Amino acid sequence: MAAAVSFFSAVLLLASSSVFAAPQPPHIVLILADDFGYYDVGYHGSEISTPNLDKLSASGVRLENYYVQPVCTPSRNQLMTGRYQIHTGLQHMIIWPCQPYCVPLDEKLLPQLIKEAGYITHMVGKWHLGMYKKDCLPTRRGFDTYFGYLTGSEDYYSHIRCYPIVSMNLTRCVLDLREGEEAATKYKGDYSTELFSQRAISIITKHNSDKPLFLYVALQAVHAPLQVPERYTAPYSFVKDQQRRQYDGMVSAMDEAVGNITMALHQSGLWENTVLVFSTDNGGQTLSGGSNWPLRGRKGSLWEGGVRGVGFVTSPLLKKPGTVSHELIHISDWLPTLVGLAGGSTNGTKPLDGFNVWNTISKGFASPRLELLHNIDPLYVDLAPCHGWNRNLTLAEEVSTDCWAKSGFNVSIHAAIRSSNWKLLTGYPGCAIWFPRPGCNSSESQSSSEDPLKSVMLFDIEKDPEEKNEVSAQFPKVVDYLLGRLTQLQSTAVPVNYPPDDPKCDPGPTGAWGPWA
């Protein structure tokens, strides 16, 4: 009898020990670069030195079939909601400082879901998801703390953003930096890449490891304006193009910031239970030094140069580290993936367009994603038309003679969809140039005038990632299928939300950009 009791006690002890030894959910650090070009990381062959990004990605999983959106707000929207922008009304452009809207308040965002799973949540850096009223602010949408700026760009040192208020016939240049919900006035002169990385390091250092950490670092780098301390550009004296030289220095500063954040995770003892995700928000802006070579197009376009992103995951928790994934993954997949890692639930969200791709990344499984909507934007206007675009016909005239004009989808609309190896584009996709590799002769550049665009174009992206061989005529059934998918997806879209500027946004000459409604 005593032996039986002793055995039973031992079983209870083992059971209770296993409960207490249950692994804590991982700390999650998500770093988002701004306008970081596909070519501009060392492991893609760039002249830019990125030792930290190279090392971290080499020990993790490099994502080489990874997609983002062409511009800032839509990417951040999909990251935070896990939903295509056609389902949140943000399918057109970005949110400007005086526009009275934000990511719909009935959307449940990533930090809210992770917070519900028991995490401490912090955000550092660029918000750009709307701020016209306080309910739109990061601190009202799931983040325990926030330090950063609310609009889309600003001066790296003064943290001032200039914006024209047309109805008042003036351009307002005021501070855009917040500590929580209050204007942060004491950081003038601090270079933002260093300022934001130092704040991230401070958060990591002070974090109580008994609680899981979610830290979202949305760096300003490497978005224009091209500003960086001279010590970062000095190694690139061989780069003749001044813009490119400044950009290279900005990338080096960003790489150092990522390295410093990672070092803090190691020194604080958090690293062994951390998952770190690195991503760009869109393709590089060739007008500001960026490069997406050898991909076609740039930021703002639906060509691969606008939407194929640099991304990787690194963590001691990966089952197959040191690998390269060619599985299809999209920025909207981070919400279900990270919430799943956190042990949280997505039951409180609207229907997601993202997938949980952790097994794809960690174990090398096939991606659950077979299709990807890049966008459907009926209001698209290219804000920075590129040279080489010399068409005599308007899209409407072209469509009237186009064999796809009778499809159920209006093929004059700016749209693109990826399904398996196929990518279909309709309307005008944006700047269609293959920009030359930095430092090479500009004669390498090819423009759309040499390869006239059509209102419907089909590419086999796996065989032709540079989008040089248009094959719609050879595969009409594929075109029909993808136009049908665009029609189905468009039927689920909500109206575009893109209101005119509200003059009440004016913060006055001594104020700061922030809520006004």
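Here the structure is a predicted model, which is why all the values come from computation and not from measurement. (Residues numbered from 1 in each chain as written. Predicted model: local features only at pLDDT ≥ 70, side-chain atom pairs only at ≥ 80, totals over all residues. Heavy atoms only, no water.)

A.B. asks: Help me understand the overall build of the protein chain in this model?
C.D. replies: When helices and strands are counted, the protein chain shows twelve helices and 18 strands. Contacts in the protein chain between residues far apart in sequence, at least 24 positions, make up 75% of those at least 6 positions apart. Summed over its atoms, the accessible surface of the protein chain is roughly 20,500 Å², and 55% of this surface lies on carbon and sulfur atoms. (Helix = DSSP H or I, 4+ residues; strand = E, 2+ residues; numbered from the N terminus. Contact = heavy atoms within 4.5 Å. Areas by Shrake-Rupley, 256 points an atom, 1.4 Å probe, with all protein chains shown as cover.)

A.B. asks: What should I look at first to understand the confidence of the model for the protein chain in this one?
C.D. replies: As a general rule, the predicted coordinates of low-pLDDT regions are not to be interpreted in detail. Summary statistics for the protein chain give a mean pLDDT of 92 and a share of 90% for residues scoring 70 or more. Across residues 388-401, where pLDDT falls below 50, the model places 21 contacts with residues more than four positions away in sequence or in other chains. (pLDDT = per-residue confidence, 0-100.)

A.B. asks: Would you explain the nonpolar core in this entry?
C.D. replies: The nonpolar side chains of a soluble globular protein tend to be buried, and buried together. Core analysis: the biggest nonpolar cluster contains 54 residues, and Tyr 216 and Trp 334 have the highest contact counts within it. Top contributing element to this core by residue count: helix H9 (residues 334-341), with five residues. Counting 50 residues, the second largest nonpolar core, distinct from the first, contains Leu 53, Leu 177, Tyr 232 and Val 239. (Core = buried A, V, L, I, M, F, W, Y, C linked by side-chain atoms within 4.5 Å. Buried < 20%, exposed > 50% of the residue type's maximum accessible area, 1.4 Å probe, protein only.)

A.B. asks: In this structure, what is going on with the sheet that holds strand E12 (residues 311-314)? I would like to understand it.
C.D. replies: Paired through their backbone hydrogen bonds, the strands of a sheet run either parallel or antiparallel. The sheet built from ten strands is open, its strands ordered E9-E8-E5-E4-E10-E1-E11-E12-E2-E13 with mixed pairing. For this open sheet the edge positions go to strand E9 (182-183) and strand E13 (323-325), each flanked by a neighbour on one side alone. Taken together, the two bridges between strand E8 (residues 178-179) and E9 define a ladder with antiparallel strand orientation. If you follow Arg 178 over to E9, its bridge partner there is Ala 183. The sheet strands contacting helix H7 (residues 242-267) are strand E1 (27-33), strand E10 (213-218) and strand E11 (274-280), and the helix crosses E11 at an angle near 170°. (Pairing = 2+ DSSP bridges. Axes fitted to C-alpha atoms, helices over the stretch in contact; angles between N-to-C directions.)

A.B. asks: What's the story with the packing of aromatic side chains in this structure? I'm lost.
C.D. replies: The description of an aromatic ring pair uses the distance of the two centres, along with the angle that the planes make with each other. Throughout the structure, instances matching the rule amount to 18 aromatic pairs. Ring geometry for Phe 143 against Tyr 216: centres 6.2 Å apart, planes inclined by 20°, an arrangement best described as stacked. Within this pair, whereas Phe 143 is found in the loop between strand E4 (120-126) and strand E5 (145-149), its partner Tyr 216 is found in strand E10, the two being separated by 73 residues in sequence. Looking at Phe 143, the relative accessible area reads 2%, which means it is buried. Here the aromatic rings of Trp 422 and Phe 475 are separated by 4.8 Å at their centres, their planes lie at 50°, and the arrangement is tilted. Residue Trp 422 is found in strand E17 (residues 422-426), and its partner Phe 475 is found in the loop between strand E18 (456-460) and helix H12 (476-491); the two are separated by 53 residues along the sequence. Taking relative accessible area as the criterion, Trp 422 reaches 15% and is therefore assigned buried. (Phe/Tyr/Trp six-rings, centres within 6.5 Å; stacked < 30°, edge-to-face > 60°.)

A.B. asks: Teacher, can you tell me more about H7 here?
C.D. replies: Given 3.6 residues per turn, any residue in an α-helix points the same way as the ones three and four places further on. The end-to-end C-alpha distance of H7 is 38 Å, a good match for the 38 Å that 26 residues give at a rise of 1.5 Å each. You can read the cap of H7 off the contacts: a side-chain oxygen lies 3.2 Å from the backbone nitrogen of Gln 243, and it is on Asp 241. Count one or two residues on from H7 and you reach Gly 269, which has phi positive near 80°. (Expected span 1.5 Å × (residues − 1). Polar contact = N/O pair within 3.5 Å; in protein donor to acceptor, adjacent residues only side chain to side chain.)

A.B. asks: What's the story with helix H3 (residues 72-81) in this structure? I'm lost.
C.D. replies: Burial runs high along H3: ten of the ten residues are buried. Residues of H3 that are buried: Cys 72, Thr 73, Pro 74, Ser 75, Arg 76, Asn 77, Gln 78, Leu 79, Met 80 and Thr 81. Two residues or fewer after H3 comes Gly 82, characterised by a positive phi angle close to 70°.

A.B. asks: I tried to follow the side chain of Asp 248 on my own but got confused; where do I start?
C.D. replies: Along the polypeptide, Asp 248 turns up in helix H7. Aside from chain neighbours lying at most four places away, what touches Asp 248 is Glu 47, Ile 48, Tyr 236 and Val 239.

A.B. asks: Just checking my understanding: could you explain unusual backbone geometry for this structure?
C.D. replies: Comment: phi is negative for the bulk of residues other than glycine, and the bulk of peptide bonds are trans. Look at the link from Ala 224 to Pro 225: it is a cis peptide, with omega at 5°. Residues other than glycine seldom take positive phi values, yet Ser 420 does so here, at roughly 55°. Backbone geometry places Glu 467, a non-glycine residue, at a positive phi of 55°. For Glu 467, the position within the fold is in the loop between E18 and H12. Classification of Glu 467 by relative accessible area gives buried; the value is 0%.

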